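Fold and geometry: a report
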Amino acid sequence: ILNVEQSPQSLHVQEGDSTNFTCSFPSSNFYALHWYRWETAKSPEALFVMTLNGDEKKKGRISATLNTKEGYSYLYIKGSQPEDSATYLCAFRYNQGGKLIFGQGTELSVKP
Amino acid sequence: DAGVIQSPRHEVTEMGQEVTLRCKPISGHNSLFWYRQTMMRGLELLIYFNNNVPIDDSGMPEDRFSAKMPNASFSTLKIQPSEPRDSAVYFCASSLGRSSYNEQFFGPGTRLTVL
């Protein structure tokens, strides 16, 4: 059974705080890892697709790292803003044609 | 582009009724995915199509669920008969190609409530 786990389940921070959360996935048969941002009442929006061990991606204040050997990825948000409040989902793919297997998400709430 | 379009946005029905959810993928995308999101199980893939052909339907919960993609611009997910445990948000997503480098673009979802 392929299991993708995210932690923490929820996170409450103050505006300006930097934060990070984790996605754990099977370290064997890795093909790609996706990060999505999902605001309430909207649909998931793609942030990053990561494929190589040691990969680092950045989009504005959000960045992500990937360790395929140990099976984890970190998502960092620098200087959180209220508009960053959302659920952040990671999804693992084990082969090119395989389906995405989603984690349960980390729900981030940023208070002004 | 309007993005992935789903209809209806909300559906409330009684147990035993047939429910049909509709999806129009982004023009030019050749892969289409149906997901179900519940509190208990999170986001689960039900089925996906590539070039209108079902590739993996292992996530379809049972025979009451069926999905079709008669052409490149339209897909349906049907539940017959519906049950209260089918209540969830159903998302459709599309992507260009089957490569994992291609991001999936999600529709707004259909919130289904079965009474």
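Everything discussed here concerns the structure shown above.
The following paragraphs examine the structure supplied in this document. For clarity, every value in this text was computed on a predicted model and none was experimentally measured.

All right, on to the sheet that holds strand S7 (residues 65-71) of chain B then. All names here are of chain B. Pairing within the open sheet is antiparallel, and its four strands lie in the order S1-S3-S8-S7. Edge positions in the sheet fall to strand S1 (5-7) and S7, since each of these pairs with one other strand and no more. On average, each strand axis in the sheet is inclined to that of its neighbour by 15°, with strand direction left out of account. For strand S3 (residues 19-24) and strand S8 (residues 74-79), the ladder comprises five bridges, and the chain directions are antiparallel. Note that in S8 the partner of Val-19 across the bridge is Ile-79.

So, on to the packing of aromatic side chains. Scanning the entire structure with this criterion turns up 16 aromatic pairs over all chains. Seen from their ring centres, Phe-25 of chain A and Phe-30 of chain A are 5.3 Å apart, and the 35° between their planes marks the pair as tilted. Like Phe-25 of chain A, the residue Phe-30 of chain A is buried in the burial classification. Through a chain of ring-to-ring contacts, the aromatic side chains of Tyr-36, Trp-38 and Phe-102 of chain A together with Phe-33, Tyr-35, Tyr-48, Phe-91 and Phe-106 of chain B assemble into a single cluster.

Attention now moves to the state of the cysteines. Throughout the structure, instances matching the rule amount to two disulfides over all chains. Here Cys-23 of chain A connects covalently by a disulfide to Cys-90 of chain A, the sulfurs 1.9 Å from one another. With the S-S bond torsion at 75°, the cross-link from Cys-23 of chain A to Cys-90 of chain A turns out right-handed. Within this pair, whereas Cys-23 of chain A is found in strand S3 (residues 19-24), its partner Cys-90 of chain A is found in strand S9 (residues 86-93), the two being separated by 67 residues in sequence. Take Cys-90 of chain A: its relative accessible area is 0%, and that puts it in the buried class. A sulfur-sulfur separation of 1.8 Å characterises the disulfide bridge that pairs Cys-23 of chain B with Cys-92 of chain B. Here Cys-23 of chain B and Cys-92 of chain B share a disulfide; its torsion about the S-S bond, -65°, makes the bridge left-handed. Remark: Cys-92 of chain B occurs in strand S9 (residues 88-95) and Cys-23 of chain B occurs in strand S3; sequence separation between them is 69 residues. Residue Cys-23 of chain B is classed as buried on the basis of its relative accessible area of 1%. Overall, Cys-92 of chain B belongs to the buried group, its relative accessible area being 0%.

Rules behind the numbers
Residues numbered from 1 in each chain as written. Chains lettered and ligands numbered in written order. Predicted model: local features only at pLDDT ≥ 70, side-chain atom pairs only at ≥ 80, totals over all residues. Heavy atoms only, no water. Pairing = 2+ DSSP bridges. Helix = DSSP H or I, 4+ residues; strand = E, 2+ residues; numbered from the N terminus. Axes fitted to C-alpha atoms, helices over the stretch in contact; angles between N-to-C directions. Phe/Tyr/Trp six-rings, centres within 6.5 Å; stacked < 30°, edge-to-face > 60°. Buried < 20%, exposed > 50% of the residue type's maximum accessible area, 1.4 Å probe, protein only. Disulfide = S-S within 2.5 Å.

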